[in-house]
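Summary of the model geometry
Chain by chain, the residues run as shown.
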Amino acid sequence: MQFLVYILVYPLLWLISILPFRLFYFFSDFVFIILYHVVGYRKKVVKENLTRAFPNKTKEEIAKIQKDFYHHMCDMFLEMVKTLNLSKEELKERYKVINIEVLQEIVKNKSVLIVCSHYANWEWNVSINNYVNAQGYAVYQKIGNSYFDDLIKKIRAKWNTTLITQQETVKTVYRNVQDGVISAYGMVSDQSPQVKRAQYWSEFMGVKVPIFNGPESMARKLDLAVVFLKVSKVKRGYYQAEFIPITTAGKQTKKNEITDRFLRLTEQQILERPEYYLWTHKRWKHRNKVPSQFQ
């Protein structure tokens, strides 16, 4: 069944990926009409999230952000598909890093965790590894369909990036540290962990929620550097990435310092252009389950 789904869907994805950009974004506009006006995909969730995150905005302002978000979301997910047939030269033109020297300087001496949020286009972050002299890893969520999972790995491989699952991350980082392999690990770190596994709760966009603090835990134990990758959408189909150092010595940071800094940088990014954040996830669903020690 997995193979049947793959052979039926893959040709469509491939056809989308070879479309010239003008037709490609025309198709994205069509998908937006279907998703937003016809299907109404998670519109209630998005509206609730926006209203909770921006209690002082009017209904009209929330509605505009919501509509702009769906436009961007269609572009962003189709841009992931476009990566199938996107050359390094094309991606370099559309995804520019303005201060790659920050990362290059860090990996001369130690491994680094590159943390980012579900903002703008996080899929194209994998191209960064083409500009640094370090083993590159990207932490990802394994796809249930093994054929599509292999396809994703194949696509990422052309950017010199090795995919590892969340379950493989700690073991991989520890092994590389022991072997003296300087590496760069890219991870989207604004997920909402399971309540029973949450070791830290803090405010995110004004609401106290469980916080994923895996990157900080590794950085403090292994003395890793941590940088925040801020990606901005310049215009349709074009992005700009900037590295913001959080620490060059994880062991010298205080508990929750790295995590809190990441949260504030993510919030700042969202406040600048909220329509480019991924609002379809229920990131505030545990807001009423705050343990007494964190209240």
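Whatever comes next refers back to the structure up there.
So, here's what we can say about the structure. (Residues numbered from 1 in each chain as written. Predicted model: local features only at pLDDT ≥ 70, side-chain atom pairs only at ≥ 80, totals over all residues. Heavy atoms only, no water.)

A word on the overall build of the chain. Of regular secondary structure, the chain possesses 10 helices and nine strands. Over its C-alpha atoms the chain spans a radius of gyration of 19 Å, differing by no more than 12% from the 19 Å that the globule rule assigns to 295 residues. With the principal axes as the frame, the chain shows a C-alpha extent of 50 × 45 × 40 Å. Here the chain holds 295 residues, and 50% of them are scored as buried. A separation of at least 24 residues holds for 80% of the contacts in the chain among residues at least 6 apart in sequence. Split by element, the accessible area of the chain, about 15,300 Å² in all, is 54% carbon and sulfur. For the chain, the distance from the average site of its 44 positive side-chain charges to the average site of its 27 negative ones is 5 Å. (Helix = DSSP H or I, 4+ residues; strand = E, 2+ residues; numbered from the N terminus. Rg over C-alpha atoms; globule rule 2.2 N^0.38 Å. Buried < 20%, exposed > 50% of the residue type's maximum accessible area, 1.4 Å probe, protein only. Contact = heavy atoms within 4.5 Å. Areas by Shrake-Rupley, 256 points an atom, 1.4 Å probe, with all protein chains shown as cover. Lys, Arg positive; Asp, Glu negative; His and termini not counted. Charge placed at Lys NZ, Arg CZ, Asp CG, Glu CD.)

On the surface, a cluster of positive charge is made up of Arg42, Lys44, Lys282, Lys285 and Lys289. Within the secondary structure, lysine 44 sits in helix α3 (residues 43-53). (Patch = residues over 30% accessible without salt bridge, like charges linked within 9 Å, V, L, I, M, F, W, Y side chains within 5 Å. Salt bridge = Lys/Arg side-chain N within 4 Å of Asp/Glu carboxyl O.)

For the rest of this paragraph, the subject is unusual backbone geometry. Positive phi is not limited to glycine here, since methionine 205 has a value of about 55°. Position of methionine 205 among the secondary structure elements: in the loop between β6 (201-204) and β7 (207-210). Unlike most non-glycine residues, asparagine 256 shows phi in positive territory, near 75°. Secondary-structure assignment places asparagine 256 in the loop between β9 (238-247) and α10 (257-272). Classification of asparagine 256 by relative accessible area gives buried; the value is 15%.

Let us now look at the pairing of strand β2 (residues 112-116). The buried fraction of β2 is high, at five of five residues. Going residue by residue along β2, you find Val112, Ile114 and Cys116 tucked away on one face and Leu113 and Val115 tucked away on the opposite face as well. Where β2 meets strand β5 (residues 183-188), five bridges bridge the pair, whose relative direction is parallel. The residue of β5 that forms the bridge with cysteine 116 is valine 188. Sheet topology places β2 next to strand β8 (residues 225-235); four bridges connect them, and they run parallel. Its bridge partner lying in β8, leucine 113 is registered against valine 226. (Pairing = 2+ DSSP bridges.)

What the rule picks out here adds up to 22 aromatic pairs. For the pair tryptophan 124 and tyrosine 239, a centre-to-centre distance of 5.7 Å together with 90° between the ring planes defines the contact as edge-to-face. Of this pair, tryptophan 124 sits in the loop between β2 and β3 (135-140) while tyrosine 239 sits in strand β9, and the two are 115 residues apart along the sequence. The buried category is assigned to tyrosine 239, whose relative accessible area is 2%. Through pairs of rings, three or more aromatic residues link up here, namely Phe3, Tyr6, Tyr10, Tyr147 and Phe148. Above the face of the phenylalanine 24 ring, lysine 82 is positioned so that its terminal group lies 5.5 Å from the ring centre. One cation-aromatic arrangement involves lysine 235 over tyrosine 238; the distance from NZ or CZ to the ring centre is 4.9 Å. (Phe/Tyr/Trp six-rings, centres within 6.5 Å; stacked < 30°, edge-to-face > 60°. Lys NZ or Arg CZ within 6 Å of the ring centre and 35° of its normal.)

All right, on to the sheet that holds β9 then. Read across the sheet, seven strands follow the order β1-β9-β8-β2-β5-β3-β4 without closing on themselves; strand pairing throughout is mixed. At either margin of the open sheet sits one strand with a lone partner, and together these are β1 (95-97) and β4 (161-165). Strand-to-strand twist across the sheet, computed as the mean angle between neighbouring axes with direction ignored, equals 30°. One ladder, built from five bridges, connects β3 with β4; its direction is parallel. Following the sheet pairing, tyrosine 137 is matched in β4 by threonine 162. Of the strands in this sheet, β2, β5 and β8 are in contact with helix α9 (residues 214-222), which crosses β2 at around 160°. Strands β2, β8 and β9 of the sheet are contacted by α10, whose axis makes an angle of about 5° with β8. (Axes fitted to C-alpha atoms, helices over the stretch in contact; angles between N-to-C directions.)

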